[in-house]
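# Notes for the structure review
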Amino acid sequence: MAKAKRKSKTPARGKAKAKKPAKVKARAKRAPRRVKKARPVKKAPRAARKAGPVSPLREISAKKIADVVARLSMEANYDLEHDVLEALERGLGAEISPVGKEIFNQLLENAAIARNERMPICQDTGLAVIFVDLGQDAHVTGGLLDEAINEGVRRGYTEGYLRKSVLGDPLRRVNTKDNTPAVIHTRIVPGDRLRLWVVPKGGGSENMSKIAMLKPADGIEGVKKFVAESVRIASANPCPPIVVGVGIGGSFEQCAENAKRALLRTIGSAHPDAFYADLEGELLRIINDLGVGPMGLGGRITALAVHIEAAPCHIASLPVAVNINCHAARHKTAVL
Amino acid sequence: MAEYSMTAPLKPEDVDKLRAGDKVNLTGFIYTARDAAHKKLVELIKEGKPLPLPLEGQIIYYVGPSPTPPGKAIGSAGPTTSFRMDPYAPLLIERGLRGMIGKGERAPGVVEAMQKHGAVYFAATGGAAALLSKRITAAEVIAYPELGAEAIRRLTVVNFPVIVAQDCHGGNIYREGQRQYAR
Ligand code: SF4
């Protein structure tokens, strides 16, 4: 042991290897001392609590969350984000079908009317899907997070003259009349901020979404085939030009959620992993070669983008999910 | 592909000359109905009861508009997916319905009724709902107000832009167009 220690000081030798045993040794020595020290440490916060609030948590009021959700619900429905508008402009330039060009022009004019007159881009103002990244050092005060979000949806959809498309039960089918409850996906993340995405999702495109538990042997070719086939079958129904969210890997439910989460990414941005960036490009070519075109009436632009979100998965599994978004790819985000 | 301006309701000769891919600007009166209203209409026909709207020569637009804001004739009003109305459409066509406006391809049963009785299926641009609502100058609920967005409305339209998607001669732009641009 002593020999190893001395050797570690010479720069020619691998430091990491030599250091490890030294660290283990030190930890083993210190361990009993730590246990003794632990007691006074535990007592400290109790004393602090008695003295008054010294919480390191950043407070965010439920009311503020509701206000922001209400505003974003309206803005998402009136005001198409730049990434979508730019993708539509690019699509207009690339489309060769005359009917397809006409549709791109209508969509751009529609977006301008909606923004200027504060009218919904599409009459189907969707299920209110909300993604939340809650910093673990943030604390929601004065109410519950989910209730605040639903309050925001209720207000935004009512005050904004947005359509109420939510049924309280899938089989008894009675409209809740205020578009609640929202579909809320919350993650706990580092930091003390709360980030929200409001993503109204129409029924036409949502209904064309699919998931498959492929065999690992199906591999990347199986994934391509499934994605292309889903878009071909969807044809005109999800209002092409579409944005295709693809979840690959994970468990069954994680894969589906990832397909939707993929839609949050800015259209036109490259996937951070070059392997998936290439696959996205190839899938986009395959999809556009289907010839579905704007509104399914035939054309060279069926999809504006393909976004993939991959996740680790089981040795026996290869799940793939396709969540299609229409050209009314509504999304707004805010950080509180 | 021709371009026409037509008056709604439609005459049999209007329907006859339209071909898949033609552009049509519609002016006149059309009716709205979607899933729930279709179910009720078909029930009334089967029970032999009178309908709340005339069918002869008429056009039904598959739409559930967003709520009407103050000062506007109607909220945003783009087409909904048509295949959900496929089980009901043949009976309405048999009773005189001449046109339907929606999005997405129709089932063989609907096409058969269109060919047999002379009816046309138009596609409006899905999601161009603010633009389309500007071409609707008046809207009046004429039946089932309790259905909200799904109530039957009579719309006055001016140059309402649609494309002939499936005609009464078997033409189908979804099939033909997609084949043309596939690689
Ligand atoms: S698929 Fe999208 S654009 Fe089409 S009707 Fe539904 S919400 Fe509107």
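For the structure itself, consult the block above.
Along each chain, numbering runs from 1 in the same order as the chain's sequence is written. In the order they appear in the text, chains get letters beginning with A and ligands get numbers beginning with 1. For this predicted model, a pLDDT threshold of at least 70 governs which residues receive local features, and a threshold of 80 or more governs which side-chain atom pairs are given and counted, while totals over whole chains, interfaces and linings are taken from all residues. Each side-chain value is derived from all of the structure's non-hydrogen atoms; neither hydrogens nor water enter the calculation.

With that settled, the discussion passes to the site of the ligand. Residues are labelled near a given molecule or strand when at least one of their non-hydrogen atoms is within 4 Å of it. Taken together, 13 residues lie around the ligand, and A:Cys122, A:Cys239, A:Cys326, A:Arg330 and B:Gly127 are the ones closest in. The residues that come close to the ligand belong to more than one chain, namely chains A and B. Class assignment of the residues belonging to the shell around the ligand gives a composition of five nonpolar, five polar and three charged. Nonpolar residues are Ala, Val, Leu, Ile, Met, Phe, Trp, Tyr, Cys and Pro. Charged residues are Asp, Glu, Lys and Arg, and all others, Gly as well, are polar.

All right, on to helix H4 (residues 108–117) of chain B then. Residue and element names in this part refer to chain B. Inspection of H4 places Val-110, Val-111, Ala-113 and Met-114 among the buried residues, and these make up the whole buried set. The buried residues of H4 occupy an angular sector of 160 degrees when projected down its axis, which confines them to one face. Opposite the packed face of H4, turned more than 90 degrees from it, sit the exposed residues Pro-108, Glu-112 and Lys-116. On the buried face of H4, the contacting elements are helix H3 (89–94), strand E4 (99–102), strand E5 (120–123) and strand E7 (152–166). Secondary structure elements follow DSSP: runs of H or I no shorter than four residues count as helices, runs of E no shorter than two count as strands, and numbering proceeds from the N terminus. Phi turns positive, to about 80 degrees, at Gly-118, one or two residues after H4. When a residue's accessible area, from a 1.4 Å probe over protein chains only, is under 20% of the maximum for its type it is buried; when over 50% it is exposed; and in between it is partly exposed. By arc we mean the arc of the directions from the helix axis to the C-beta atoms, nothing more. Residue contacts are counted whenever heavy atoms from the two residues lie within 4.5 Å of one another.

Turning next to the pattern of salt bridges. Residues and elements named next belong to chain A. Salt bridge criterion: a side-chain nitrogen from Lys or Arg within 4 Å of a carboxyl oxygen from Asp or Glu. For the structure shown, the criterion picks out 31 salt bridges over all chains. One salt bridge in this structure joins Glu-206 and Lys-260, with 2.6 Å as the shortest N-O distance. Of the two residues, Glu-206 sits in helix H7 (residues 203–206) while Lys-260 sits in helix H9 (residues 252–261), which places them 54 residues apart along the sequence. The class for Glu-206 is partly exposed, based on a relative accessible area of 28%. For the salt bridge of Glu-257 with Arg-261, the shortest nitrogen-to-oxygen distance reads 3.0 Å. Here Glu-257 and its partner Arg-261 are both found in helix H9, four residues apart, which amounts to about one turn of the helix. A relative accessible area of 29% places Glu-257 in the partly exposed class. Look at Arg-261 and you get buried, because its relative accessible area is 9%. Look at the salt bridges and you will find they share partners, linking Lys-63, Asp-67, Glu-151, Arg-154, Arg-155 and Asp-178 into a network.

Purely geometric stuff here, so don't read any function into it on its own.
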